[in-house]
Amino acid sequence: MHHFMEQFSSSKSLDMYRVDDPFKMELCASSGFGGKNLFQDNSECQYKVFDRWMKENVSEFSEETYARIQEAVKNATMAMDQFNAMSGYRGTSFESVALLEASRFALENVKNTIVPQSLRSDFGQLINEYVRFNEESRNNIMERMTPNYMYEDIGKSTQLLRNKDELLSSQRSFYKREKEDIRDLLREYYSETSNKSKVKTKLQQYIERYHKKNNPMYSDSSLFDKGFVNLMVQ
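The notes below deal with the structure included here. (Residues numbered from 1 in each chain as written. Predicted model: local features only at pLDDT ≥ 70, side-chain atom pairs only at ≥ 80, totals over all residues. Heavy atoms only, no water.)

## Looking at the pattern of salt bridges
Piece 1. One pass over the structure, following the stated rule, counts nine salt bridges.
Piece 2. Between Lys36 and Asp41 there is a salt bridge; the shortest N-O distance is 2.9 Å.
Piece 3. The partly exposed category is assigned to Lys36, whose relative accessible area is 46%.
Piece 4. The partner of Arg172 in a salt bridge is Glu143, and the shortest N-O contact between them spans 3.0 Å. Placement of the pair is Arg172 in helix α6 (residues 164–190) and Glu143 in helix α5 (residues 120–145), with a sequence separation of 29 residues.
Piece 5. Residues joined in a network through salt bridges with shared partners are Glu101, Arg104 and Arg183. (Salt bridge = Lys/Arg side-chain N within 4 Å of Asp/Glu carboxyl O. Buried < 20%, exposed > 50% of the residue type's maximum accessible area, 1.4 Å probe, protein only. Helix = DSSP H or I, 4+ residues; strand = E, 2+ residues; numbered from the N terminus.)

Right under this line is the structure:
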């Protein structure tokens, strides 16, 4: 422990631990079409990007279908829009991964059930761009905020020094497993033969187990809980 404390005896020794201010980091990502991501300028109102695409293809929709898609997309992106508007840590978190997966499945459901067959491929590309923005931008912030080194206690008197690559690898593995777990539950939920009520209960139990085992990234989880539940359309 003495050796550990000695590292912080001067401001110079702290340089390797410094990270960017999480409250000032913007959500930025590349585009699958080249250049800046299409959703970057609308991170808190991402439905507007879908709206623009619909207006470009307005002749392909009936008035009723247009209105249904517009409403469904807004509902599917609302939780992520509100989440992106929150202050505080903006890197990858349990909440961001779970909400994005639920949002993506909701959008895929819109594509498969409402969007005309002739436009599903283009709509799917827009979904991919949406996922890319929300995932890549938060991963970038997580990477920038991960310190170059960190000591971890592995016993009463033993510490392990882990470098940035090891720390990032551990975080990526954790969120990859989480994404797979959430996806399995969402696939079950959207299955034509599923008992949606039972799957919704399983999803809620999954979230509760996480919050009991881990420290939530956000002290106020009401937006996350409400947003996740609202994405579970009947």
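## Some details on the environment of Phe174
Piece 1. Mapped onto the elements, Phe174 comes out in helix α6.
Piece 2. Taking the C-alpha atoms as reference points, Phe174 and Ser93, 81 residues apart in sequence, are found 9.9 Å from one another.

## Notes on the packing of aromatic side chains
Piece 1. Counted by the stated rule, this structure contains 11 aromatic pairs.
Piece 2. When the ring of Phe105 is compared with that of Tyr190, the centres are 6.1 Å apart and the planes differ by 20°; the resulting orientation is stacked. Note that Phe105 is positioned in helix α4 (residues 94–113) and Tyr190 in helix α6, a separation of 85 residues in sequence.
Piece 3. Under the relative-accessibility criterion, Phe105 is labelled buried at 13%.
Piece 4. Since its relative accessible area comes to 18%, Tyr190 is described here as buried.
Piece 5. One aromatic cluster is present, built from ring pairs that chain together Phe39, Phe50, Trp53, Phe61, Tyr66, Phe123 and Tyr130.
Piece 6. The cationic tip of Lys196 hangs over the ring face of Tyr189; the distance from NZ or CZ to the ring centre is 4.6 Å. (Phe/Tyr/Trp six-rings, centres within 6.5 Å; stacked < 30°, edge-to-face > 60°. Lys NZ or Arg CZ within 6 Å of the ring centre and 35° of its normal.)

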